[in-house]
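Each chain, letter by letter, is given below.
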Amino acid sequence: MIDTRADEAPPVDPGFVDTATRPETRGIELISDAERHGRPRDLFFIWAAPGVSILNLTIGATLILLGLEIWQAAAVILAASVLWIFPGLIAAAGPAAGTSGSVITRAMYGIVGNKLFVAFVGWFIGAVFLSLTWLASSFMGADLLRRMGMDAGVWVPIGVTLVISAITVVVAVFGHGLILRVYPLLAGALFVIFLLVAAFILPSVDWQYRAAEPLEGVALWSAVTIGFTILASSPLSFINSPDIARYLPRSAKRSHIAAATALGGAVPAVVFTFVGALLATALTPDAIAAGIELALLDLLPAWLGPVLVLGVVINTIALNAMTAYTSSMSLQAIGLPLRRIPATIIVGVVGTALTIYLVMSTSLLDAVNLMLQFLVVVSGPAIVIFAVDQFRRRNDYDGLDLFDDRRGGRFWFTGGWSVPGIAALLLGGSATALCLATEAWAGPIAEATGYIDLSVPVGMIVAGLAYAGLKRTALGKETRA
(Lines give C-alpha, C1' and ligand atoms only; values in the text may rest on other atoms or scores of the structure.)
Protein backbone atom coordinates (compact mmCIF):
# COMPACT_ATOMS: atom_id res chain seq x y z
CA MET A 1 0.00 0.00 0.00
CA ILE A 2 1.33 3.45 -0.92
CA ASP A 3 1.53 5.85 2.03
CA THR A 4 0.11 9.09 0.63
CA ARG A 5 0.74 10.85 3.92
CA ALA A 6 4.27 11.58 2.75
CA ASP A 7 2.81 13.97 0.19
CA GLU A 8 1.44 16.12 3.02
CA ALA A 9 4.75 16.64 4.86
CA PRO A 10 7.00 19.61 4.10
CA PRO A 11 9.74 18.51 1.68
CA VAL A 12 13.15 17.56 3.04
CA ASP A 13 16.03 19.67 1.70
CA PRO A 14 18.64 17.14 0.48
CA GLY A 15 21.36 19.76 0.62
CA PHE A 16 20.70 20.81 4.22
CA VAL A 17 23.50 20.36 6.77
CA ASP A 18 23.00 21.18 10.46
CA THR A 19 26.18 23.16 11.11
CA ALA A 20 27.20 26.18 13.16
CA THR A 21 28.63 28.04 10.15
CA ARG A 22 25.50 28.22 7.98
CA PRO A 23 22.05 29.72 8.67
CA GLU A 24 19.55 26.96 9.37
CA THR A 25 16.92 26.91 6.66
CA ARG A 26 15.00 23.97 8.13
CA GLY A 27 11.93 24.82 10.14
CA ILE A 28 9.20 22.35 10.97
CA GLU A 29 10.20 19.97 8.13
CA LEU A 30 10.68 16.34 9.13
CA ILE A 31 14.21 15.24 10.01
CA SER A 32 15.21 11.95 8.42
CA ASP A 33 17.07 9.29 10.39
CA ALA A 34 20.18 9.91 8.29
CA GLU A 35 20.30 13.53 9.48
CA ARG A 36 19.99 12.73 13.20
CA HIS A 37 23.00 13.41 15.38
CA GLY A 38 24.09 14.39 18.87
CA ARG A 39 23.78 12.90 22.36
CA PRO A 40 21.19 13.52 25.07
CA ARG A 41 23.84 14.89 27.44
CA ASP A 42 24.44 17.78 25.00
CA LEU A 43 21.07 19.13 26.11
CA PHE A 44 22.35 19.88 29.64
CA PHE A 45 24.51 22.81 28.57
CA ILE A 46 22.01 24.04 26.00
CA TRP A 47 19.48 24.50 28.82
CA ALA A 48 22.04 25.65 31.39
CA ALA A 49 23.17 28.71 29.39
CA PRO A 50 19.72 30.41 29.42
CA GLY A 51 19.25 29.42 33.09
CA VAL A 52 22.16 31.50 34.45
CA SER A 53 19.98 34.58 34.46
CA ILE A 54 19.58 37.94 36.18
CA LEU A 55 15.85 37.11 36.32
CA ASN A 56 16.65 34.35 38.79
CA LEU A 57 18.31 36.88 41.08
CA THR A 58 15.28 39.15 40.76
CA ILE A 59 12.84 36.33 41.54
CA GLY A 60 14.94 35.19 44.51
CA ALA A 61 14.87 38.69 45.95
CA THR A 62 11.10 38.75 45.48
CA LEU A 63 10.75 35.79 47.86
CA ILE A 64 12.39 37.83 50.64
CA LEU A 65 10.31 40.86 49.71
CA LEU A 66 7.20 38.69 50.20
CA GLY A 67 8.24 38.23 53.83
CA LEU A 68 9.85 34.77 53.76
CA GLU A 69 12.87 33.78 55.82
CA ILE A 70 15.97 32.48 54.04
CA TRP A 71 15.23 28.82 54.78
CA GLN A 72 11.62 29.23 53.68
CA ALA A 73 12.75 30.80 50.41
CA ALA A 74 15.18 27.89 49.88
CA ALA A 75 12.38 25.37 50.42
CA VAL A 76 10.12 27.11 47.89
CA ILE A 77 12.96 27.25 45.33
CA LEU A 78 13.65 23.52 45.66
CA ALA A 79 9.95 22.64 45.48
CA ALA A 80 9.44 24.64 42.28
CA SER A 81 12.56 23.16 40.67
CA VAL A 82 10.87 19.74 40.64
CA LEU A 83 8.60 21.05 37.87
CA TRP A 84 11.57 21.01 35.47
CA ILE A 85 10.75 17.33 34.99
CA PHE A 86 7.88 18.37 32.69
CA PRO A 87 10.00 20.05 29.95
CA GLY A 88 12.41 17.14 30.42
CA LEU A 89 9.72 14.54 29.77
CA ILE A 90 8.14 16.17 26.74
CA ALA A 91 11.55 16.88 25.13
CA ALA A 92 11.67 13.21 24.12
CA ALA A 93 8.71 13.79 21.78
CA GLY A 94 11.01 15.77 19.47
CA PRO A 95 13.21 12.85 18.38
CA ALA A 96 10.18 10.55 18.23
CA ALA A 97 8.30 12.79 15.77
CA GLY A 98 11.27 14.40 14.04
CA THR A 99 9.64 17.82 14.07
CA SER A 100 8.93 20.74 16.39
CA GLY A 101 6.67 20.77 19.43
CA SER A 102 4.34 23.25 17.72
CA VAL A 103 3.53 20.51 15.19
CA ILE A 104 3.41 17.67 17.73
CA THR A 105 0.63 19.47 19.62
CA ARG A 106 -1.65 18.77 16.64
CA ALA A 107 -2.09 15.39 18.31
CA MET A 108 -3.62 17.19 21.32
CA TYR A 109 -5.67 20.00 19.76
CA GLY A 110 -6.40 18.91 16.19
CA ILE A 111 -5.15 20.32 12.89
CA VAL A 112 -7.27 23.49 13.12
CA GLY A 113 -7.41 23.81 16.91
CA ASN A 114 -3.63 23.64 17.11
CA LYS A 115 -3.31 26.77 15.01
CA LEU A 116 -5.21 28.73 17.64
CA PHE A 117 -3.25 27.07 20.44
CA VAL A 118 0.13 27.84 18.89
CA ALA A 119 -0.86 31.40 17.94
CA PHE A 120 -1.98 32.22 21.47
CA VAL A 121 0.06 30.03 23.79
CA GLY A 122 3.25 29.82 21.75
CA TRP A 123 3.35 33.49 20.91
CA PHE A 124 2.23 34.66 24.34
CA ILE A 125 4.93 32.69 26.14
CA GLY A 126 7.57 33.63 23.58
CA ALA A 127 6.74 37.34 23.68
CA VAL A 128 6.78 37.42 27.50
CA PHE A 129 10.23 35.88 27.79
CA LEU A 130 11.70 37.86 24.94
CA SER A 131 10.54 41.11 26.47
CA LEU A 132 11.44 40.28 30.10
CA THR A 133 14.99 39.21 29.41
CA TRP A 134 15.65 42.00 26.95
CA LEU A 135 14.20 44.38 29.55
CA ALA A 136 16.68 43.18 32.21
CA SER A 137 19.71 43.61 29.98
CA SER A 138 18.42 46.97 28.73
CA PHE A 139 18.05 48.39 32.25
CA MET A 140 21.46 47.12 33.38
CA GLY A 141 23.27 48.15 30.22
CA ALA A 142 21.69 51.59 30.32
CA ASP A 143 22.59 52.05 34.00
CA LEU A 144 26.20 51.10 33.34
CA LEU A 145 26.39 53.59 30.46
CA ARG A 146 24.89 56.30 32.68
CA ARG A 147 27.57 55.63 35.30
CA MET A 148 30.10 56.17 32.53
CA GLY A 149 28.54 59.54 31.70
CA MET A 150 26.32 58.53 28.79
CA ASP A 151 22.87 59.61 29.96
CA ALA A 152 20.24 60.27 27.31
CA GLY A 153 17.13 59.34 29.22
CA VAL A 154 14.95 56.57 27.86
CA TRP A 155 16.87 56.45 24.59
CA VAL A 156 19.79 54.66 26.27
CA PRO A 157 17.86 51.47 27.25
CA ILE A 158 16.05 51.57 23.90
CA GLY A 159 19.38 51.70 22.08
CA VAL A 160 20.74 48.83 24.19
CA THR A 161 17.59 46.82 23.39
CA LEU A 162 17.99 47.32 19.66
CA VAL A 163 21.64 46.19 19.68
CA ILE A 164 21.02 43.10 21.81
CA SER A 165 17.90 42.09 19.88
CA ALA A 166 19.80 42.32 16.58
CA ILE A 167 22.53 39.97 17.86
CA THR A 168 19.87 37.62 19.24
CA VAL A 169 18.10 37.36 15.89
CA VAL A 170 21.38 36.57 14.13
CA VAL A 171 22.03 33.66 16.53
CA ALA A 172 18.45 32.42 16.03
CA VAL A 173 18.87 32.59 12.26
CA PHE A 174 21.93 30.33 12.38
CA GLY A 175 19.81 28.07 14.57
CA HIS A 176 20.34 24.61 15.99
CA GLY A 177 23.88 23.99 14.74
CA LEU A 178 25.21 27.21 16.30
CA ILE A 179 23.23 26.66 19.51
CA LEU A 180 24.64 23.15 19.88
CA ARG A 181 28.21 24.36 19.32
CA VAL A 182 28.25 27.65 21.23
CA TYR A 183 25.89 27.22 24.20
CA PRO A 184 28.22 24.93 26.22
CA LEU A 185 30.87 27.66 25.99
CA LEU A 186 28.36 30.32 27.00
CA ALA A 187 27.18 28.20 29.94
CA GLY A 188 30.75 27.90 31.22
CA ALA A 189 31.43 31.62 30.87
CA LEU A 190 28.16 32.54 32.58
CA PHE A 191 28.76 30.18 35.49
CA VAL A 192 32.16 31.80 36.10
CA ILE A 193 30.77 35.35 35.89
CA PHE A 194 27.78 34.74 38.15
CA LEU A 195 29.76 32.70 40.68
CA LEU A 196 32.28 35.55 40.83
CA VAL A 197 29.41 37.97 41.45
CA ALA A 198 28.03 35.65 44.15
CA ALA A 199 31.43 35.59 45.86
CA PHE A 200 31.37 39.39 46.20
CA ILE A 201 27.75 39.31 47.39
CA LEU A 202 28.29 36.81 50.22
CA PRO A 203 30.19 39.18 52.56
CA SER A 204 27.18 41.53 52.45
CA VAL A 205 24.63 38.81 53.24
CA ASP A 206 22.88 39.02 56.58
CA TRP A 207 23.07 35.37 57.62
CA GLN A 208 21.08 36.18 60.74
CA TYR A 209 18.34 37.79 58.70
CA ARG A 210 14.86 37.74 60.17
CA ALA A 211 11.79 39.31 58.62
CA ALA A 212 10.66 42.44 60.42
CA GLU A 213 7.30 40.79 61.03
CA PRO A 214 7.68 36.99 60.68
CA LEU A 215 4.78 35.48 58.79
CA GLU A 216 2.62 32.71 60.14
CA GLY A 217 -0.67 31.00 59.38
CA VAL A 218 -2.57 32.12 56.30
CA ALA A 219 -0.20 35.01 55.62
CA LEU A 220 2.76 32.63 55.49
CA TRP A 221 1.02 30.20 53.15
CA SER A 222 -0.03 33.08 50.94
CA ALA A 223 3.57 34.24 50.56
CA VAL A 224 4.85 30.69 50.02
CA THR A 225 2.29 29.85 47.34
CA ILE A 226 2.64 33.17 45.49
CA GLY A 227 6.40 32.69 45.44
CA PHE A 228 5.94 29.13 44.20
CA THR A 229 3.70 30.32 41.36
CA ILE A 230 6.26 32.91 40.23
CA LEU A 231 9.02 30.29 40.26
CA ALA A 232 6.89 27.60 38.61
CA SER A 233 6.12 29.77 35.60
CA SER A 234 9.64 29.36 34.24
CA PRO A 235 9.90 25.55 33.87
CA LEU A 236 6.24 25.24 32.91
CA SER A 237 6.70 27.69 30.04
CA PHE A 238 9.24 25.55 28.19
CA ILE A 239 6.76 23.60 26.12
CA ASN A 240 9.27 24.19 23.30
CA SER A 241 11.76 21.63 24.68
CA PRO A 242 11.02 19.11 21.87
CA ASP A 243 12.32 21.68 19.35
CA ILE A 244 15.81 21.58 20.81
CA ALA A 245 15.92 17.77 21.08
CA ARG A 246 14.40 16.90 17.71
CA TYR A 247 17.73 16.28 15.94
CA LEU A 248 18.69 13.46 18.33
CA PRO A 249 18.60 9.88 16.98
CA ARG A 250 15.40 7.93 17.56
CA SER A 251 17.46 5.49 19.63
CA ALA A 252 18.31 8.15 22.22
CA LYS A 253 17.01 7.06 25.62
CA ARG A 254 14.01 9.01 26.88
CA SER A 255 15.33 8.94 30.44
CA HIS A 256 18.62 10.49 29.35
CA ILE A 257 16.85 13.22 27.35
CA ALA A 258 14.59 14.01 30.31
CA ALA A 259 17.45 14.09 32.82
CA ALA A 260 19.74 16.30 30.71
CA THR A 261 16.97 18.79 29.93
CA ALA A 262 15.55 18.94 33.45
CA LEU A 263 18.91 19.18 35.24
CA GLY A 264 20.25 21.70 32.74
CA GLY A 265 17.33 24.00 33.52
CA ALA A 266 17.00 23.28 37.23
CA VAL A 267 20.58 23.45 38.52
CA PRO A 268 21.41 27.06 37.56
CA ALA A 269 17.87 28.17 38.45
CA VAL A 270 18.16 26.76 41.99
CA VAL A 271 21.65 28.12 42.58
CA PHE A 272 21.14 31.66 41.36
CA THR A 273 17.58 32.10 42.61
CA PHE A 274 18.92 31.28 46.09
CA VAL A 275 21.76 33.76 45.54
CA GLY A 276 19.08 36.35 44.74
CA ALA A 277 17.33 35.59 48.03
CA LEU A 278 20.59 36.02 49.91
CA LEU A 279 21.29 39.27 48.06
CA ALA A 280 17.94 40.66 49.21
CA THR A 281 19.02 40.41 52.86
CA ALA A 282 21.75 42.96 52.13
CA LEU A 283 19.33 45.45 50.60
CA THR A 284 16.46 47.53 51.88
CA PRO A 285 12.95 46.85 50.56
CA ASP A 286 13.05 50.22 48.80
CA ALA A 287 16.30 49.29 47.03
CA ILE A 288 14.80 45.98 45.88
CA ALA A 289 11.64 47.66 44.66
CA ALA A 290 13.67 50.28 42.77
CA GLY A 291 15.46 47.52 40.86
CA ILE A 292 17.64 44.77 42.23
CA GLU A 293 19.57 44.68 38.98
CA LEU A 294 20.70 48.27 39.65
CA ALA A 295 21.29 47.83 43.38
CA LEU A 296 23.51 44.86 42.58
CA LEU A 297 25.93 47.06 40.65
CA ASP A 298 26.38 49.22 43.77
CA LEU A 299 27.54 46.18 45.80
CA LEU A 300 30.20 45.13 43.30
CA PRO A 301 33.67 46.61 42.72
CA ALA A 302 33.85 48.98 39.78
CA TRP A 303 35.71 46.50 37.56
CA LEU A 304 33.15 43.72 38.09
CA GLY A 305 30.09 45.80 37.12
CA PRO A 306 30.84 45.75 33.37
CA VAL A 307 31.66 42.02 33.59
CA LEU A 308 28.25 41.34 35.16
CA VAL A 309 26.48 43.42 32.51
CA LEU A 310 28.34 41.42 29.85
CA GLY A 311 27.13 38.23 31.53
CA VAL A 312 23.56 39.48 31.55
CA VAL A 313 23.79 40.36 27.88
CA ILE A 314 25.24 36.92 27.01
CA ASN A 315 22.49 35.20 29.00
CA THR A 316 19.85 37.35 27.34
CA ILE A 317 21.10 36.42 23.91
CA ALA A 318 21.25 32.72 24.86
CA LEU A 319 17.69 32.61 26.21
CA ASN A 320 16.09 34.81 23.62
CA ALA A 321 17.86 33.23 20.66
CA MET A 322 16.39 29.90 21.74
CA THR A 323 12.97 31.51 22.20
CA ALA A 324 13.06 33.28 18.82
CA TYR A 325 14.29 30.07 17.18
CA THR A 326 11.37 28.00 18.45
CA SER A 327 8.83 30.81 17.98
CA SER A 328 9.77 31.02 14.29
CA MET A 329 8.65 27.42 13.90
CA SER A 330 5.43 28.27 15.71
CA LEU A 331 4.67 30.78 12.96
CA GLN A 332 5.15 28.05 10.38
CA ALA A 333 2.96 25.62 12.33
CA ILE A 334 0.15 28.17 12.37
CA GLY A 335 0.14 27.92 8.59
CA LEU A 336 1.71 31.20 7.55
CA PRO A 337 3.59 30.82 4.23
CA LEU A 338 6.98 31.71 5.69
CA ARG A 339 10.38 30.09 5.68
CA ARG A 340 12.07 29.84 9.06
CA ILE A 341 14.53 32.72 8.66
CA PRO A 342 11.94 35.41 7.71
CA ALA A 343 9.74 34.06 10.52
CA THR A 344 12.64 34.50 12.96
CA ILE A 345 13.07 38.14 11.93
CA ILE A 346 9.35 38.80 12.47
CA VAL A 347 9.56 37.28 15.96
CA GLY A 348 12.51 39.52 16.77
CA VAL A 349 10.73 42.66 15.61
CA VAL A 350 7.61 41.89 17.68
CA GLY A 351 9.66 41.09 20.80
CA THR A 352 11.72 44.26 20.40
CA ALA A 353 8.60 46.42 20.12
CA LEU A 354 7.12 44.93 23.31
CA THR A 355 10.39 45.43 25.17
CA ILE A 356 10.59 49.08 24.18
CA TYR A 357 7.03 49.56 25.43
CA LEU A 358 7.96 48.00 28.80
CA VAL A 359 11.14 50.09 29.03
CA MET A 360 9.00 53.21 28.83
CA SER A 361 6.25 52.11 31.18
CA THR A 362 7.42 49.82 33.99
CA SER A 363 10.17 48.55 36.27
CA LEU A 364 11.80 45.14 35.86
CA LEU A 365 10.52 43.85 39.22
CA ASP A 366 6.90 44.78 38.46
CA ALA A 367 7.06 43.31 34.97
CA VAL A 368 8.66 40.04 36.09
CA ASN A 369 6.29 39.31 38.94
CA LEU A 370 3.07 40.21 37.13
CA MET A 371 3.84 38.53 33.80
CA LEU A 372 5.25 35.36 35.32
CA GLN A 373 2.19 34.88 37.51
CA PHE A 374 -0.23 35.35 34.61
CA LEU A 375 1.90 33.04 32.46
CA VAL A 376 0.86 29.96 34.44
CA VAL A 377 -2.77 30.39 33.34
CA VAL A 378 -1.80 28.92 29.97
CA SER A 379 1.59 27.28 30.51
CA GLY A 380 0.66 24.95 33.38
CA PRO A 381 -2.39 23.33 31.72
CA ALA A 382 -0.64 23.20 28.32
CA ILE A 383 2.45 21.35 29.50
CA VAL A 384 0.53 18.81 31.58
CA ILE A 385 -1.77 18.05 28.61
CA PHE A 386 1.37 17.41 26.53
CA ALA A 387 2.77 15.11 29.24
CA VAL A 388 -0.49 13.15 29.59
CA ASP A 389 -0.75 12.72 25.81
CA GLN A 390 2.85 11.55 25.64
CA PHE A 391 2.24 9.03 28.43
CA ARG A 392 -0.90 7.68 26.75
CA ARG A 393 0.95 7.16 23.45
CA ARG A 394 4.15 5.90 25.05
CA ASN A 395 5.90 8.71 23.17
CA ASP A 396 4.92 7.18 19.82
CA TYR A 397 4.43 10.17 17.47
CA ASP A 398 4.30 9.57 13.72
CA GLY A 399 5.66 12.62 11.90
CA LEU A 400 3.76 11.82 8.70
CA ASP A 401 0.46 11.60 10.57
CA LEU A 402 1.14 14.98 12.17
CA PHE A 403 1.47 16.59 8.73
CA ASP A 404 -1.60 14.88 7.30
CA ASP A 405 -4.02 17.82 7.40
CA ARG A 406 -6.70 16.25 5.19
CA ARG A 407 -10.26 16.04 6.45
CA GLY A 408 -10.52 12.59 7.96
CA GLY A 409 -6.80 12.37 8.79
CA ARG A 410 -5.68 10.89 12.09
CA PHE A 411 -5.61 14.23 13.90
CA TRP A 412 -8.55 15.88 12.16
CA PHE A 413 -10.87 14.85 15.03
CA THR A 414 -14.11 16.90 14.97
CA GLY A 415 -13.99 19.49 12.20
CA GLY A 416 -10.26 19.90 12.76
CA TRP A 417 -10.67 20.41 16.52
CA SER A 418 -9.79 18.01 19.31
CA VAL A 419 -12.50 18.55 21.90
CA PRO A 420 -10.53 16.80 24.70
CA GLY A 421 -7.50 19.03 24.21
CA ILE A 422 -9.32 22.34 23.80
CA ALA A 423 -11.75 21.58 26.65
CA ALA A 424 -8.94 20.50 29.00
CA LEU A 425 -6.96 23.65 28.21
CA LEU A 426 -9.95 25.91 28.87
CA LEU A 427 -10.94 24.07 32.05
CA GLY A 428 -7.38 24.04 33.35
CA GLY A 429 -6.85 27.70 32.50
CA SER A 430 -10.12 28.68 34.18
CA ALA A 431 -9.24 26.71 37.32
CA THR A 432 -5.82 28.38 37.36
CA ALA A 433 -7.34 31.86 37.05
CA LEU A 434 -9.83 31.15 39.86
CA CYS A 435 -6.97 30.29 42.21
CA LEU A 436 -4.48 32.94 41.08
CA ALA A 437 -3.45 35.75 43.43
CA THR A 438 -1.74 38.79 41.89
CA GLU A 439 -1.90 42.51 42.49
CA ALA A 440 -3.85 42.96 39.27
CA TRP A 441 -6.14 39.95 39.65
CA ALA A 442 -7.18 37.69 42.49
CA GLY A 443 -9.51 34.80 41.68
CA PRO A 444 -12.51 34.16 43.93
CA ILE A 445 -10.96 30.99 45.34
CA ALA A 446 -7.75 32.85 46.16
CA GLU A 447 -9.74 35.59 47.88
CA ALA A 448 -11.78 33.08 49.87
CA THR A 449 -8.63 31.37 51.17
CA GLY A 450 -6.85 34.55 52.22
CA TYR A 451 -4.88 34.94 48.98
CA ILE A 452 -3.33 31.47 49.10
CA ASP A 453 -2.31 30.85 45.48
CA LEU A 454 -3.07 27.27 44.47
CA SER A 455 -3.24 28.10 40.78
CA VAL A 456 -0.40 25.84 39.59
CA PRO A 457 -1.38 22.52 41.21
CA VAL A 458 -5.13 23.02 40.76
CA GLY A 459 -4.87 24.11 37.12
CA MET A 460 -2.53 21.28 36.20
CA ILE A 461 -4.60 18.62 37.97
CA VAL A 462 -7.85 19.81 36.38
CA ALA A 463 -6.32 19.97 32.89
CA GLY A 464 -4.60 16.59 33.19
CA LEU A 465 -7.66 14.76 34.51
CA ALA A 466 -9.98 16.42 31.99
CA TYR A 467 -7.76 15.49 29.06
CA ALA A 468 -7.20 11.91 30.21
CA GLY A 469 -10.91 11.43 30.82
CA LEU A 470 -12.15 12.96 27.57
CA LYS A 471 -9.61 11.06 25.47
CA ARG A 472 -11.27 7.85 26.63
CA THR A 473 -14.55 8.92 25.03
CA ALA A 474 -15.64 8.99 21.39
CA LEU A 475 -14.53 12.65 21.25
CA GLY A 476 -10.90 11.56 21.43
CA LYS A 477 -11.08 8.92 18.73
CA GLU A 478 -8.36 9.02 16.07
CA THR A 479 -8.83 7.62 12.57
CA ARG A 480 -6.80 7.53 9.39
CA ALA A 481 -8.03 8.52 5.96
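Residues numbered from 1 in each chain as written. Predicted model: local features only at pLDDT ≥ 70, side-chain atom pairs only at ≥ 80, totals over all residues. Heavy atoms only, no water.

Going by the annotation in an unreviewed UniProt entry, the name recorded for the protein chain is Cytosine permease, with Microbacterium hominis given as the source organism. Turning to the protein chain, the UniProt annotation filed under Sequence similarities (unreviewed entry) states: "Belongs to the purine-cytosine permease (2.A.39) family." Quoted verbatim from the Subcellular location (unreviewed entry) field of the UniProt record, the comment on the protein chain reads "Membrane". (UniProt positions renumbered as here; feature names shortened; annotations may be inferred.)

Caption draft 1: The arrangement of the side chain of His-176 in detail. Here His-176 lies in helix H10 (residues 176–201). Looking at His-176, the relative accessible area reads 4%, which means it is buried. If we ignore the near neighbours within four places in the chain, the residues touching His-176 are Asp-18, Glu-24, His-37, Ile-244, Tyr-247 and Tyr-325. (Helix = DSSP H or I, 4+ residues; strand = E, 2+ residues; numbered from the N terminus. Buried < 20%, exposed > 50% of the residue type's maximum accessible area, 1.4 Å probe, protein only. Contact = heavy atoms within 4.5 Å.)

Caption draft 2: Region of the structure containing unusual backbone geometry. In this structure, Arg-394 takes a positive phi of about 55° despite not being glycine. Of note, Arg-394 is situated in the loop between helix H17 (364–393) and helix H18 (399–402). The backbone of Phe-413 shows a phi angle near 55°, a positive value even though the residue is not glycine. Structurally, Phe-413 can be placed in the loop between H18 and helix H19 (419–435).

Caption draft 3: Spotlight on helix H3 (residues 70–81). Look at H3: 17 Å from first C-alpha to last across 12 residues, which is about the 16 Å you get at 1.5 Å a residue. For H3, every residue scored as buried is listed here: Ile-70, Gln-72, Ala-73, Val-76, Ile-77, Ala-80 and Ser-81. Residues of H3 that are buried in the fold lie against helix H2 (54–65), helix H11 (217–236) and helix H13 (254–280). (Expected span 1.5 Å × (residues − 1).)

Caption draft 4: Geometry of a nonpolar patch on the surface. Together, Leu-195, Leu-263, Val-267 and Val-271 give the surface a local cluster of nonpolar side chains, amounting to about 310 Å² of exposed area. The element that contributes the greatest number of residues to the nonpolar patch is H13, accounting for 3 residues. (Patch = residues over 30% accessible without salt bridge, like charges linked within 9 Å, V, L, I, M, F, W, Y side chains within 5 Å. Areas by Shrake-Rupley, 256 points an atom, 1.4 Å probe, with all protein chains shown as cover. Salt bridge = Lys/Arg side-chain N within 4 Å of Asp/Glu carboxyl O.)

Caption draft 5: Focus on the nonpolar core. Within the largest apolar cluster, 137 residues are counted, with the highest numbers of intra-cluster contacts made by Leu-43, Tyr-183, Phe-194, Leu-296, Ile-385 and Tyr-397. Among the elements that line this core, the one with the most residues is helix H15 (residues 304–334), at 17 residues. Residues contacting Ile-385, with those up to four places away along its chain left out, are Met-108, Tyr-109, Gly-421, Ala-424, Leu-425, Ala-463 and Tyr-467. (Core = buried A, V, L, I, M, F, W, Y, C linked by side-chain atoms within 4.5 Å.)

Caption draft 6: Main features of the packing of aromatic side chains. Going through the model one piece at a time under the given rule, you end up with 9 aromatic pairs. Considering the side-chain rings of Phe-44 and Phe-45, the 5.1 Å spacing of their centres and the 85° angle between planes classify their relative orientation as edge-to-face. Exposure remark for Phe-44: the relative accessible area of 24% places this residue in the partly exposed category. On the accessibility criterion, Phe-45 (39% relative accessible area) is partly exposed. Between the aromatic rings of Phe-200 and Trp-303, the centroid separation amounts to 5.9 Å while the plane-to-plane angle is 80°, which identifies the pairing as edge-to-face. Here Trp-303 lies in the loop between helix H14 (285–299) and H15 and Phe-200 lies in helix H10, a separation of 103 residues in the sequence. For Phe-200, a relative accessible area of 32% gives the class partly exposed. Trp-303 sits in the exposed class, given a relative accessible area of 51%. (Phe/Tyr/Trp six-rings, centres within 6.5 Å; stacked < 30°, edge-to-face > 60°.)

Caption draft 7: Structural detail: the pattern of salt bridges. Counted by the stated rule, this structure contains 12 salt bridges. Residue Arg-26 is joined to Glu-35 by a salt bridge in which the shortest nitrogen-to-oxygen separation is 2.9 Å. When its relative accessible area of 18% is taken as the criterion, Glu-35 is described as buried. Residues Lys-471 and Glu-478 are paired through a salt bridge, measuring 3.1 Å at the closest nitrogen-oxygen approach. Lys-471 sits in the buried class, given a relative accessible area of 5%. What makes Glu-478 partly exposed here is its relative accessible area of 24%. Connected via shared salt-bridge partners are Asp-389, Arg-393, Asp-401, Arg-410, Lys-471 and Glu-478.

Caption draft 8: Spatial organisation of the packing of H11 against helix H21 (residues 455–471). The interhelical angle for the contact between H11 and H21, taken along N-to-C directions, is 45°, at an axis separation of 9 Å. Of the possible angle classes, the one that applies to H11 and H21 is oblique. Note on element contacts: H21 touches H11 through Ser-455, Val-456 and Met-460, opposite Phe-228, Thr-229, Ala-232 and Leu-236. The residue makeup of the contact of H11 with H21, split by class, is 5 nonpolar, 2 polar and no charged. (Axes fitted to C-alpha atoms, helices over the stretch in contact; angles between N-to-C directions. Parallel < 35°, antiparallel > 145°, perpendicular 65-115°, else oblique. Nonpolar A, V, L, I, M, F, W, Y, C, P; charged D, E, K, R; others polar.)

Caption draft 9: Quick peek at the environment of Ile-54. Locating Ile-54 in the fold gives a position in helix H2. Overall, Ile-54 belongs to the buried group, its relative accessible area being 3%. With 259 residues separating them along the chain, Ile-54 and Val-313 place their C-alpha atoms 9.6 Å apart.

Caption draft 10: Region of interest: the side chain of Thr-326. The topology assignment puts Thr-326 in helix H15. Relative accessible area serves as the criterion here: at 4%, Thr-326 is assigned to the buried category. Polar contacts involving the side chain of Thr-326 include one to the main-chain carbonyl oxygen of Thr-323, which spans 3.1 Å. (Polar contact = N/O pair within 3.5 Å; in protein donor to acceptor, adjacent residues only side chain to side chain.)

Caption draft 11: Structural detail: the environment of Thr-323. For Thr-323, the location among the structural elements is in helix H15. In the structure, Thr-323 is positioned 151 residues away from Ala-172 in sequence and 8.3 Å away in space, judged by C-alpha atoms. If we skip the residues at most four places from it in the chain, Thr-323 touches Gly-126 and Leu-130. One polar contact links the side chain of Thr-323 to the main-chain carbonyl oxygen of Leu-319, over a distance of 3.0 Å.

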